[in-house]
Every structure is written in structure tokens, then in C-alpha cells.
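Residues per chain, in single letters:
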Amino acid sequence: MKYLSEWDQWKRYSCKSWKRFIGKAREMTTHLELWRDDIRSIEGKFGTGIQSYFSFLRFLVLLNLVIFLIIFMLVLLPVLLTKYNITNSTFVLIPSKDTDVQCTVYPISSSGLIYFYSYIIDLLSGTGFLEETCLFYGHYTIDGVKFQNFTYDLPLAYLLSTIAYLALSLLWIVKRSVEGFKINLIRSEEHFQSYCNKIFAGWDFCITNRSMADLKHSSLRYELRADLEEERIRQKIAERTSEETIRIYSLRLFLNCVVLAVLAACFYAIYRATIFSQEHMKKEIDKMVFGENLLILYLPSIVITLANFITPMIFAKIIHYEDYSPGFEIRLTILRCVFMRLATICVLVFTLGSKITSCDNYSCELCGYNQKLYPCWETQVGQEMYKLMIFDLIIILAVTLFVDFPRKLLVTHCSSWKLVQCWGQQEFAIPDNVLGIVYGQTICWIGAFFSPLLPAIATLKLIIIFYVKEISLLYTCRPSPRQFRASNSNFFFLLVLLIGLCLAIIPLTISMARVPSSKACGPFTNFNTTWEVVPKTVSTFPSSLQSLVHGVTSEAFAVPFFMIICLIMFYFIALAGAHKRVVVQLREQLSLESRDKRYLIQKLTEAQRDMKNRLDWQ
């Protein structure tokens, strides 16, 4: 027998102790999860499909909170410490530059007789008293903060905070997507294995509470119903005749044409509303009445919000006639709504960008942008994003209070009415609700550069949405008769969120690298574009470090690096294919072994039966 040395014994003991500590720590952190009991209760009552929506909502709350902390630490905290004399620091003003005086004009809101409704408009649109606060880009018109031993470069920190929250969002989403893809890949390999895992290995034997046991029973029951529903759909598809297949594909082709027509109508309405609003923004606000002022300022937001509210209901009605499986219904509906919702943001951003960089009656060469209409265009883009987020929250609250609860009362107390019977009790629409929060998150990613406190507003908004949706689910909704699988949905939700992130990166990159920065406000008034702060910072490095940075960012480094990355990717793809083939072979071998065992048991049973018969005859 080989004995371990004291050093090996200590290493083994330390490794076991560390693993035990990590296990205990993870067990403790599970009790600190946000809304843990609420989400588990929802899972037991309504299934894992709806539970995946609330888990996704919790993830976005944490993501926005971390984004706000990044922006707060890098941008807002140094400004607040200096503004309120908490530290011995002073502001470094932006040095004067040979810029035309007309480009530095930033008209301040007129002070005089202010009506009460003006404060409501300012609160909803971000204008007036909110425009001069730290909520928007124009408030940070300083070059840095001078502490005792160093000078804090605010323009560089402002740009780095944007890059940091975008990179963090990308890495976090990709990490969760990979985890969901692994689970999805494992569970989608063999449906019979899924049944066995749920029936024989799906119970948590650590549950001692009766109520938690009931919730676990309900959760497993809902998952089995979802599996059986998908199996029924697959069997129905396999049993279709040629005439039925032609009929269903013809119907799907017609319904997809209807979907395209609805999308085209929404895009045209948003385009016309944006053009109308931009053309009438030159009017004096004080000359308008309250309703006209409200309509002109918020017309694009109102049209976008109405389109986002109406089209998911149309898509939800259309999808029922296309005869897909429940999981595929969710994914297809989400894809349609993603295309519609994110394209509305594209229409708005594209229209604003074209108006910012074009002038009507005079040349834009003086400032590089339309300074007359947009003296601080970053703040005005931030106000548009702020209005979209506020209106989205208002619509969610209004629908819950004035549609969902009255509908529940009518169904409960007026169930004999034919109209109420046709309307029926509401079901919790997973695609519509997921798209709502993805749409809001895309607005937050785009607007966080122009409105640094927008992630904090988004965090509060998502917290409100969680409780509103939970109350609406528990008291106004009924469990869907068609069950949804959470394993596929979780991965697809993150994929849709990744599409939204990619969409947010495109306008941010263009605005930072191509559109001239405002000369009247913000930390980049002395730069032609926002990105110019990076070459200026690199120029202050030592010559050797500058050479290294220029070498890493050159084509001579990028092309070989890209080729190496492609080779590594192809290697892992080939390795994954080989592993998949090995897994298939092992499963076939296990299947053959199980057949051999079944055959041997059958022969053994027959032999025992023959032996027993012989003994009986004797």
C-alpha cells in the first residue's frame, strides 16, 4: 500500500476543505437571490415558461444596477465630490479653442411665468429644469477634476464608462447564453431521456416543507405537460397528408404576407410622425396650448409605443392559425416583435441623425452639425430616449390598471355575457412581455451615453414592472392551456437581448466616431468627435508604449490575429463534432447493451419457466 506524504495529505485536505467552503458559500448565496421565493412560487403555479420570464427580468435588474454603478464611479462620483466640496478638489474648465461663437451658443430655458403643466411636461420629456441636471450629457461641461496629486480626465472617463458597460453587457450575456446553450443541447438530444430524468431524477429530496413540495410537484407536472404537448405536435406533423401540408404552408405564406404588411404600416407611421414632429419643433413652445405642445413633443414616442402595444396582439392572433409547436410559437413571435420593435428605434435614431447632420437654409460646415435646431444634440437624443422609457412604463401601468383588472372583473362577475365569453380571461403572453423589457433595455444601452442616469431609471422601472407583472399574473391571468418549455426559451431570450445589444452598439459607434460633438455642451467640446480623446491620451504615453499601441492597432497585427482566431475556432468546431460523434456511438452502444440485457433476461425467464413446468410434470 502506498502512503501519502504529509504534504500530499495537506493538499488533499485543503482541496476538500476549499470545495466544502465553496459549496457552503453557493448554498448561502442562493438564499440571498433577489425575489427567490416569489419566482419559485410562480414556477410552481404557472410553470417554468413564465418563471423564465421573471428570472430574465431579475437578470436585467442586476445588469442595469451594475451599469449604473460603473457610470456612477467613473463619471458622476468625481463631479459630485467636487461640486459639494466633499474632497479637496476643483473643476478643470475646458480651455478655449478657436471655435466660432455661434457654435457655442446654448440657449437657456426662459425664466418667467411658468404654468403648472410645464413642470409635468418637463418631468415627462426631460426638458426645462431636468435638462440642466446631471441626468443629461450637457451637464458635464468640464475638462476634468483636479485632486491634490493628479488630474482626473473626465472626457476619457466618460468614454471609458460607455465602453465598459457595453463590454460588460456583452460578456455577461454571452456567458449566460453559453450556459443556456449547454442545457438546451443536452435536453434536446433525446426526448425519452428527458421523461426519465424528470420522472426518476427530477425530485429534490432536500425539500422538507409541504408548500415547497407542492410547488415542486406543480413544476414537474407543468414540464411534463409541455413535453407531451410538443410530442403531440411532432406526431401530428408526422401524420399530415400531402394535401394538409400544402394547405398549411399556403396559409403560412399568406399570414406572413399579412405580417409584412403590418410591419410596413408601422414603419411608415413612425416615419411620418417623426418627420412631422421634427418639422414643427421650430415653433415657439410658449405659443402652443398644452395639448398641442404635448402632441408635438411626444408624437414619435406615442406612435412607437402604440405600435409596440398593438402589433404583438396581432402577431399573437396570427400565430395560432399557423399550427406550430408551443416553443416555436414563442420564438417566431419574438422574432417578429424583435424586428418590429428594434426597427422602430432604428427609424427614430436614423431620422434624428439625418436632422442633426443636415441643415435647411444654411451650411453646416461652420459647426459640423445643425447647431440652430440642435445646439446640444447629445442632450436632445438623451431626452428622446428618456421619453421612450417613461412612456413605455406609463403604458405598462395603464394597461395593467385599466385593461387587465377590469377584464378580470368582467370575466368574474359578468361571465354570462357573450362578449365577455368571447374575450375570456387573460393569458400571460410570454413573447410580448419579454420583448417589452428587451425593448426597454435597448433604449437604456443607447441612451446611457447621452443620459448617464438612465440605467438607474431603468433599474427602478424594471423593479416596478416585476411587482406589477407579478400582481397581474396572480390576480388577473390564468395558466396557459399550452405549456412552454423554459430550457429553450431562456437561451432564446438571451439571443434576442444580444441582438438588441448589437443594435445599440451601431448608433453609439457612429455617433462617437463620425458625428461631430457639440461645441456648446458636454466634456468633448474641444474635440471634433468623441473618439478623438483616445488618440490624444495615447500621445501622452511614453514613446515605447505609443509604438506598442500603434502596433497592436495596426493591420499588420490585426490580420494574423484574426487568422489565428479563425484557426482556433475551426479546431474547436472540429473537436465538438468529434465529441458529438463519440456521444452518438456511446448511446448506440448503450442501446445495444440494453437490448442484449433485455434478451438475456427474457431467455432466463423462459428457462426458469421451462424448469418450473418440468418440475411440475415430475
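Residues numbered from 1 in each chain as written. Predicted model: local features only at pLDDT ≥ 70, side-chain atom pairs only at ≥ 80, totals over all residues. Heavy atoms only, no water.

Per an unreviewed UniProt entry, the protein chain is named Transmembrane channel-like protein, and its organism is Panthera tigris altaica. As its UniProt record puts it under Subcellular location (unreviewed entry), the protein chain is described as follows: "Membrane". UniProt, in its Sequence similarities (unreviewed entry) section for the protein chain, records the words "Belongs to the TMC family." (UniProt positions renumbered as here; feature names shortened; annotations may be inferred.)

K.L.:
Help me out: how do you make sense of the overall build of the protein chain in this one?
P.N.:
What the protein chain contains, in helices and strands, is 18 helices and 5 strands. Sequence-distant contacts, at least 24 apart, represent 78% of the contacts inside the protein chain between residues at least 6 apart. In the form shown here, the protein chain has an accessible surface area of approximately 36,000 Å², with 66% of it arising from carbon and sulfur atoms. (Helix = DSSP H or I, 4+ residues; strand = E, 2+ residues; numbered from the N terminus. Contact = heavy atoms within 4.5 Å. Areas by Shrake-Rupley, 256 points an atom, 1.4 Å probe, with all protein chains shown as cover.)

K.L.:
How should I be thinking about the packing of helix H11 (residues 377-413) against helix H14 (residues 454-476) in this particular structure?
P.N.:
The packing of two helices is summarised by the inter-axis angle and the distance between the axes. Where H11 contacts H14, the axes come no closer than 11 Å and their chain directions differ by 10°. Taken together, the axis directions place H11 and H14 in an arrangement best described as roughly parallel. Contact residues: H11 offers Met385, Tyr386, Met389, Asp392, Leu393, Ile396, Leu397, Thr400, Asp404, Phe405 and Lys408, while H14 offers Leu454, Ile457, Ala458, Lys461, Ile464, Ile465, Val468, Lys469, Ile471, Ser472, Tyr475 and Thr476. Of the residues contributing to the contact of H11 with H14, the split by class is 15 nonpolar, 3 polar and 5 charged. (Axes fitted to C-alpha atoms, helices over the stretch in contact; angles between N-to-C directions. Parallel < 35°, antiparallel > 145°, perpendicular 65-115°, else oblique. Nonpolar A, V, L, I, M, F, W, Y, C, P; charged D, E, K, R; others polar.)

K.L.:
Looking at this model, I keep getting lost on the packing of aromatic side chains. Mind explaining?
P.N.:
One pair of aromatic rings is described through two measures. These are the centre distance and the angle between the planes. Counted by the stated rule, this structure contains 19 aromatic pairs. Both rings, one in Trp35 and one in Tyr467, keep their centres 5.8 Å apart while their planes meet at 90°; by these two values the pair is edge-to-face. Here Trp35 is found in the loop between helix H1 (6-31) and helix H2 (36-46), whereas its partner Tyr467 is found in helix H14, with 432 residues between them in sequence. The class for Tyr467 is partly exposed, based on a relative accessible area of 41%. When the ring of Trp377 is compared with that of Phe450, the centres are 6.1 Å apart and the planes differ by 55°; the resulting orientation is tilted. Residue Trp377 is found in helix H11, and its partner Phe450 is found in the loop between helix H13 (430-447) and H14; the two are separated by 73 residues along the sequence. (Phe/Tyr/Trp six-rings, centres within 6.5 Å; stacked < 30°, edge-to-face > 60°. Buried < 20%, exposed > 50% of the residue type's maximum accessible area, 1.4 Å probe, protein only.)

K.L.:
It is not clear to me how the nonpolar core should be interpreted in this structure. Could you clarify?
P.N.:
One finds Phe54, Phe56, Tyr165, Ile334, Trp445 and Phe449 to be the most contacted residues of the largest nonpolar core, which totals 112 residues. Residue contributions to this core peak at 15 residues, all from helix H3 (residues 48-83). Beyond its immediate sequence surroundings of up to four residues, Tyr165 is in contact with Ile67, Ile70, Ile71, Trp445, Ala448, Phe449 and Leu508. (Core = buried A, V, L, I, M, F, W, Y, C linked by side-chain atoms within 4.5 Å.)

K.L.:
I keep staring at a positive patch on the surface and nothing clicks. Help me out?
P.N.:
A cluster of basic residues, Arg12, Lys16, Arg20 and Lys24, forms a positive patch at the surface. With respect to the helices and strands, Arg12 occurs in helix H1. (Patch = residues over 30% accessible without salt bridge, like charges linked within 9 Å, V, L, I, M, F, W, Y side chains within 5 Å. Salt bridge = Lys/Arg side-chain N within 4 Å of Asp/Glu carboxyl O. Lys, Arg positive; Asp, Glu negative; His and termini not counted. Charge placed at Lys NZ, Arg CZ, Asp CG, Glu CD.)

K.L.:
Where do I start with the side chain of Asp404 in this structure?
P.N.:
Checked against the element boundaries, Asp404 lands in helix H11. Of the buried charged residues, Asp404 lacks a salt bridge, with Lys469 as the closest side chain of opposite charge at 5.7 Å. Excluding anything up to four places from it in sequence, Asp404 contacts Val399, Gln426, Ser472 and Thr476.

K.L.:
Please clarify how the pattern of salt bridges should be interpreted in this entry.
P.N.:
Side-chain pairing between opposite charges can occur once the charged atoms of the two side chains come close. Applying the stated criterion across every chain, the model contains 4 salt bridges. Across the pair Asp37 and Arg36 runs a salt bridge whose closest N-O atoms are separated by 3.6 Å. With relative accessibility at 56%, the residue Asp37 sits in the exposed group. Across the salt bridge formed by Lys603 and Glu606, the nearest N and O atoms sit 4.0 Å from each other. Of this pair, Lys603 and Glu606 are both found in helix H18 (residues 555-617), 3 residues apart, which corresponds to roughly one turn of the helix.

K.L.:
Mind showing me how you'd approach a nonpolar patch on the surface here?
P.N.:
Together, Phe541, Leu545, Leu548, Val552, Phe557, Phe561, Ile564, Ile565, Ile568, Tyr571, Phe572 and Leu575 make up a nonpolar patch on the protein surface, roughly 1,100 Å² of accessible area in all. Residue assignment for the nonpolar patch shows that the elements contributing at least two residues are helix H17 (543-552) and H18.

K.L.:
Please clarify how the UniProt feature "transmembrane region" (unreviewed entry) in the protein chain should be interpreted in this entry.
P.N.:
The feature "transmembrane region" (unreviewed entry), as given by UniProt, occupies residues 56-81, 156-174, 253-274, 295-321, 385-403, 445-468, 489-510 and 557-578 in the numbering adopted here. The span residues 253-274 is 100% helix and 0% strand, and its two end C-alpha atoms sit 32 Å from each other.

K.L.:
Would you mind showing me how to read the packing of H13 against H14 here?
P.N.:
Running from amino to carboxyl end, H13 crosses H14 at an angle of 170°, the nearest separation of the two axes being 9 Å. Taken together, the axes of H13 and H14 are roughly antiparallel relative to one another. The segment H13 lies against H14, with Asn433, Ile437, Gly440, Gln441, Ile443, Cys444 and Gly447 engaging Leu454, Pro455, Ala458, Lys461, Leu462 and Lys469. Each residue belonging to the contact of H13 with H14 can be placed in one class, and the counts come to 7 nonpolar, 4 polar and 2 charged.

K.L.:
Looking at this structure, how should I read the environment of Val303?
P.N.:
Checked against the element boundaries, Val303 lands in helix H9 (residues 290-319). What makes Val303 buried here is its relative accessible area of 19%. Sequence separation between Val303 and Arg272 is 31 residues, and the spatial gap between their C-alpha atoms is 9.8 Å.

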